[in-house]
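Architecture at a glance
Listed here are the chains, written in short residue letters.
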Amino acid sequence: MAVFYVLLLVPILIQHIAIKGLHIDYKKKNKTALAFFFSLLTVLVMFRHESVGNDTRNYIHYFEKYCWLDWNRLADPGLEIGYAYFNKIIAAVSQEPHFFLAVAAAAVSALIYP
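Residues numbered from 1 in each chain as written. Predicted model: local features only at pLDDT ≥ 70, side-chain atom pairs only at ≥ 80, totals over all residues. Heavy atoms only, no water.

1. Brief notes about the overall build of the protein chain
Rule in force here: In this text, helices come from DSSP runs of H or I with a minimum length of four residues, and strands from runs of E with a minimum of two, each type numbered from the N-terminal end. The buried label applies to any residue whose accessible area, calculated with a 1.4 Å probe on protein chains only, is under 20% of its type's maximum; exposed applies above 50%, and partly exposed to all values in between. Should any heavy atoms of two residues lie within 4.5 Å, those residues are considered in contact. Note that accessible areas follow from Shrake-Rupley with a 1.4 Å probe, and for residues the cover is restricted to the protein chains shown.
Helix and strand content of the protein chain: five helices and zero strands. For the protein chain, the N- to C-terminal ordering of α and β elements is α-α-α-α-α. Per-residue burial over the protein chain gives 25% buried out of 114 residues. The contacts of the protein chain with a sequence gap of at least 6 include a subset with a gap of at least 24, amounting to 49%. Summing over all exposed atoms, the protein chain offers an accessible surface of approximately 8100 Å²; the carbon and sulfur share of this is 66%.

2. A look at the packing of helix H4 (residues 81-93) against helix H5 (residues 97-112)
For clarity, the threshold we go by: The angle between two axes is taken between their N-to-C directions and runs from 0 to 180 degrees, where each axis is a line fitted to C-alpha atoms and a helix contributes only its stretch in contact. When describing relative orientation, an angle under 35 degrees is termed roughly parallel and one over 145 degrees roughly antiparallel, while 65 to 115 degrees is termed roughly perpendicular and anything else oblique. Crossing handedness is read from the near helix: turned anticlockwise from the far helix by less than a right angle, it gives a left-handed crossing, and turned clockwise, a right-handed one. Three categories are distinguished: nonpolar for Ala, Val, Leu, Ile, Met, Phe, Trp, Tyr, Cys and Pro, charged for Asp, Glu, Lys and Arg, and polar for the others, with Gly belonging to the last.
Orientation of H4 relative to H5, taken along the N-to-C sense of each, is 120°, at an axis distance of 10 Å. Comparing their axes, H5 and H4 come out oblique. As H4 runs across H5, the sense of the crossing is right-handed. Contacts between H4 and H5 involve Tyr83, Phe86, Asn87, Ile90 and Val93 on the former and, on the latter, Phe99, Phe100, Val103 and Ala104. Split by residue class, the contact of H4 with H5 holds eight nonpolar, one polar and no charged.

3. Examining the packing of aromatic side chains
Our working definition: Only centres within 6.5 Å qualify two rings of Phe, Tyr or Trp (six-membered ring in Trp) as a pair; their planes then separate them into stacked at under 30 degrees, edge-to-face at over 60, and tilted for everything else.
Tallied over the entire structure, the rule returns six aromatic pairs. Residues Phe63 and Phe100 carry aromatic rings whose centres are separated by 4.8 Å and whose planes lie at 15° to one another, so their mutual orientation is stacked. Note that Phe63 is positioned in helix H3 (residues 56-67) and Phe100 in helix H5, a separation of 37 residues in sequence. Summarising the burial analysis for this pair, Phe63 and Phe100 share the class buried. Ring centres of Tyr66 and Tyr83 lie 6.2 Å apart, and the angle between their planes is 75°; this geometry places the pair in the edge-to-face category. Remark: Tyr83 occurs in helix H4 and Tyr66 occurs in helix H3; sequence separation between them is 17 residues.

4. With respect to the pattern of salt bridges
Quick reminder of the rule: Any Lys or Arg side-chain nitrogen found within 4 Å of a carboxyl oxygen on Asp or Glu counts as a salt bridge.
Taken as a whole, this structure holds one salt bridge when the rule is applied. Asp76 is the partner of Arg73 in a salt bridge, and the nearest nitrogen-oxygen pair spans 3.1 Å. Assessed through its relative accessible area of 44%, Arg73 is described here as partly exposed. In this structure Asp76 comes out as partly exposed when scored by relative accessible area, which is 26%.

5. Regarding the environment of Tyr85
Structurally, Tyr85 is set in helix H4. Of the residues examined, Tyr85 reaches a relative accessible area of 30% and is grouped as partly exposed. C-alpha separation for the pair Tyr85 and Trp71, spaced 14 residues apart in sequence, amounts to 8.3 Å.

6. Considering H4
Under the convention used in this document: In a helix, the anticipated span is given by 1.5 Å times the number of residues less one. Starting at the helix axis, one direction is taken to each C-beta atom, and the arc is that of these directions.
Its 13 residues give H4 an end-to-end C-alpha distance of 19 Å, which sits within 8% of 18 Å, the value for a rise of 1.5 Å per residue. Residues of H4 that are buried: Ala84, Asn87, Lys88, Ile90 and Ala91. An end-on view of H4 places all buried positions within 165° of arc, on one side of the element. Residues of H4 that are exposed and point over 90 degrees away from its buried face: Gly82, Ile89, Ala92 and Val93. Where H4 is buried, its residues meet H3 and H5.

Take a look at the structure:
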């Protein structure tokens, strides 16, 4: 739980203490604080253990399943095509499940924070 407090407090402290002396407009301060927040959140999610969260074990299970599936079978009925290809492309780089979690976390954060 302490990690979540740090995740919350660090961007606030950066915004109010470190940036306060700089003459930066309000919008730029908010963007900087948001960038730090999403960076810290991404790092937290990237390095989480597989027992954290309800679905993490399922994501790892499907990643390992799609690692060994032929490219031709990714379009089979019953499979989520986009998710299957996403897993297979990541598996082409590394078959380590934590690498998959890290890439997925980075992708989600990149899509949330413009």
